[in-house]
Every structure is written in structure tokens, then in C-alpha cells.
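Descriptive analysis of the structure
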Amino acid sequence: MTEQPIELSSLIQQAQQAYEGKDFSRSAELFRGIEGQLVQQGNLTQAAEMANNRCVALLQSGKPAEALEAARSTEHIFANAGDLRHQAMACANQAAALVDLKRSDEALTLYQKSVDLFTQIGENEMQSVVLQSISSIFFHKMDFISALSIMVDALNLQSHLGVKERVLKWFLGVACRVVK
């Protein structure tokens, strides 16, 4: 993040504190204001980052349509800036909103794009998180074999598994062997 005027830094801090305090509507409102200021300054990349933050806050507020709209153009801004990590996150944020809107096929396309981008930059932990979301979609579609397989892939990408994840991985491994 580049150096910001004190007022803008203070607003960002307030937005983050509101989010951490679970005041998601206030957080989204603050991120929208910050985004507008950054656009006026011509800092489109940071404005897109604030839009993505707003998207996440709106998702937490139960407003997926607004969340999708907030993140809609951010993927392209990050792509133009060559920021693959933020581009992947923007795709995943849009996909999460689409899932909440019951548009899972569109969500799968964006989640897969996110996975591909995270793979390119070697972000295994984030790739794992997105794969878990993909697995959940397949589970809800009652495609249990795909869901199991993808979840195993997701767990294999994690560098540190807790007890719960190790047990889950073991059970999923057994289930995959039984299915084959």
C-alpha cells in the first residue's frame, strides 16, 4: 500500500475496526467513501482494493447483490495492473456473492479462474480456501465424488493441518479409495 494522507489512513483504520467489530454495514459504508476518494485521486488500484473490502463486508451483511456489484470491475483493474493476487481475490469475492445469489455455475467459473491465478503465483493456502468453496458447491449439487476429490486437493495444499483437518483428510482419503 502506498503512503496515504493521514485522514484517509484514519478512515481505512476505522473501516477495518468496524469490520472486526462485526459492524459490517458501517464498514461497507466507510470503504465506499474511501474508494470514492481514491478514485478522485486517480488511484484506481487502491480504490479497487477498497471495493473488494466493501464486497466482503457486504457479503457479511447478507447483501450479495450489492457485494457482487462492488467487486464487479475490480478483477480487470488488478489484471491491468499485473496484480495477480488481488485479481484472484476479486474473482473469489465475486464468486462468493454469486453463490449467495444461487448462481453456482457462474460462481464455479470465477472460482476456477481464481484457483488458476493463485496457482500461477504459488499461493497454496489461498488456492486451498477457494478449492474448499468449489468443493462445497459440488456437495450442494450432490456431486459427492467431485466434492470429495476437490476437498482432498484443497487439504493437500495446506502447509499446516490442525487435528480436525488431518482427521478429515484421512476420512476423505478412505472415502476416495472406497469410491474408486
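Located above this text is the structure these notes cover.
Overview of the structure. (Residues numbered from 1 in each chain as written. Predicted model: local features only at pLDDT ≥ 70, side-chain atom pairs only at ≥ 80, totals over all residues. Heavy atoms only, no water.)

When helices and strands are tallied, the protein chain shows 10 helices and 0 strands. Counting helices and strands in the order they occur from the N terminus, the protein chain gives α-α-α-α-α-α-α-α-α-α. Long-range pairs, those at least 24 residues apart, make up 49% of the contacts in the protein chain between residues at least 6 apart in sequence. A total of about 10100 Å² of accessible surface is found on the protein chain, and carbon and sulfur atoms cover 55% of it. (Helix = DSSP H or I, 4+ residues; strand = E, 2+ residues; numbered from the N terminus. Contact = heavy atoms within 4.5 Å. Areas by Shrake-Rupley, 256 points an atom, 1.4 Å probe, with all protein chains shown as cover.)

It is worth spelling out the pattern of salt bridges at this point. Tallied over the entire structure, the rule returns 6 salt bridges. Between E75 and K113 there is a salt bridge; the shortest N-O distance is 2.3 Å. With E75 in helix α5 (residues 74–81) and K113 in helix α7 (residues 104–121), the pair connects residues that are 38 residues apart, well separated along the chain. Residue classification places K113 among the partly exposed positions, given a relative accessible area of 34%. Put simply, K141 and D105 hold a salt bridge, and the shortest N to O gap is 2.7 Å. Pair noted here: K141 is in the loop between α8 (124–140) and α9 (144–157) and D105 is in helix α7, with a separation of 36 residues, a long-range link. (Salt bridge = Lys/Arg side-chain N within 4 Å of Asp/Glu carboxyl O. Buried < 20%, exposed > 50% of the residue type's maximum accessible area, 1.4 Å probe, protein only.)

Quick look at the nonpolar core now. In this structure, Y111, V130 and I134 are the most contacted members of the largest nonpolar core, which totals 32 residues. Of all the elements in the fold, those that place two or more residues in this core are α3 (44–60), α4 (64–71), α6 (84–100), α7, α8 and α9. Broken down by element, the residue count for this core peaks at 7 residues, all from α7. Sequence-distant contacts of V130, that is, excluding residues within four places in its chain, are made with A92, Y111, S114, V115 and F118. Formed by 10 residues, the second largest nonpolar core is a distinct cluster that contains L8, L30, I34 and A47. (Core = buried A, V, L, I, M, F, W, Y, C linked by side-chain atoms within 4.5 Å.)

The residue K22 is not glycine, and still its phi comes out positive at about 65°. Tracing the backbone shows K22 in the loop between α1 (6–20) and α2 (24–40).

What follows covers the side chain of Q127. Considering the arrangement of structural elements, one finds Q127 in helix α8. One polar contact links Q127 to T119, side chain to side chain, over a distance of 2.9 Å. Not counting the four nearest positions on each side in its chain, Q127 is found in contact with V115, F118, T119 and L157. (Polar contact = N/O pair within 3.5 Å; in protein donor to acceptor, adjacent residues only side chain to side chain.)

Let us now look at the side chain of T74. Tracing the backbone through its elements, the reader meets T74 in helix α5. A distance of 2.7 Å separates the side chain of T74 from the backbone oxygen of A71, its partner in a polar contact. Discounting residues that sit within four places of it in the chain, T74 has contacts with A48, A51, N52, A90 and Q94.

What is shown is where atoms sit, not what they do.
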